[in-house]
Amino acid sequence: MKIIILSDRIAPILGGAIGVAYQQARGLAQRGHAVTVLAGSGTVPPEAKFSVRTVPAAFHPRYAGYLGLHNPAAARQVRQMLAELQPDVVHAHNIYHALSYRCLVEARRVTPRVFLTAHDVMSFAYAKLTHFINPADMTCPARPSYHTPWQVNFSTARKQYNPFRNGIIRRRLARITKVFAVSQALADALSDNGIRNVAVVRNGIDVNDWPTLPADAVRNFRRQFKLENRKILFFSGRLSGAKGIHQVLLALAQVVRREPSALLLIAGDVEDGRGYEALPKKYGVENHVVFAGRLDAAAMALAYHVSD
């Protein structure tokens, strides 16, 4: 089949929507499909078996509530490329910056098989979804309500707020074949905000990229980061409040009271150079945290193998 993948960015990284789009393109190409990625920016290795076409178009975050719906320059280029390539399937990932949701309309004009994977809540919100959380309530309800009133979006977006944005996105998503949510919680959040055309398809990996590793390599990794004789917990992700680092350290403080040998290995960039390395002392776990920084793919595999 001829498959087009739409993504604001594409890059051969391990995580996030960008990395998932890359892994999907790679996997489909390896299975013999003709894959083309249309992306606002990004590069892939020369050995990649799929092609990438960039879609240069101006985008300013100040107008995200409008350009995310319809970026005329991007939509025009995507329309021309779709007409040329005549795909059997179009699968979009995050397209609310460089490309815009208008590209789904253009895709429907060339094929009835149009899909979008939602990796976050930006189809109905303007930022991370936290308004429903009561920090004083530690009971973790099994099924909270994720409904997001317009007042919440207005207070978040301010001058970027577009009162027509969410309604337009809902209509566009209702007209494609299916919206995929990467978790059940995200599917629930989409449903609570009027997006019903949803199925849960969790992000996968190619297990061949994660083989059993030589014992000496694992042993050397333990020695490098002083992980010997510890029970290892692993956190991989950007160090930021939005990723939950405060909650992780709060939980770790409870864990070490039960298991004194517990140690949290953290792999990821520090957001905006902020002093997250000082946080473990705030939570009383400074002797139970190791910051490994950004790890490459080989080191990430080792980190998973040493984790308990």
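So, here's what we can say about the structure. Owing to the predicted nature of the structure, the values given are computational and were not obtained by experimental measurement.

1. Some points on the sheet that holds strand S9 (residues 262-267)
- Strand order across the open sheet formed by three strands is S8-S9-S10, with parallel pairing between neighbours. The open sheet is flanked by strand S8 (231-236) and strand S10 (289-291), the only strands paired with a single partner. Across the sheet, the mean angle from the axis of one strand to that of its neighbour is 20°, orientation sign disregarded.
- Pairing geometry for S8 and S9, over six bridges, is parallel. What sits directly across from Ile-232, in S9, is Leu-263.
- Lying on the sheet, helix H11 (residues 297-306) is in contact with S8 and S9; it crosses S8 at an angle near 140°.

2. As for the sheet that holds strand S1 (residues 2-10)
- Across the sheet, seven strands lie side by side as S3-S2-S1-S4-S5-S6-S7; this open sheet has parallel pairing. Two strands lie at the open edges of the sheet, namely strand S3 (51-54) and strand S7 (198-200), each paired on one side alone. The sheet shows a mean angle of 25° between the axes of neighbouring strands, direction not considered.
- As defined by bridge partners, strand S2 (residues 34-42) adjoins S3 across four bridges and the pair is classed as parallel.

About the thresholds
- Residues numbered from 1 in each chain as written.
- Predicted model: local features only at pLDDT ≥ 70, side-chain atom pairs only at ≥ 80, totals over all residues.
- Heavy atoms only, no water.
- Pairing = 2+ DSSP bridges.
- Helix = DSSP H or I, 4+ residues; strand = E, 2+ residues; numbered from the N terminus.
- Axes fitted to C-alpha atoms, helices over the stretch in contact; angles between N-to-C directions.
- Contact = heavy atoms within 4.5 Å.

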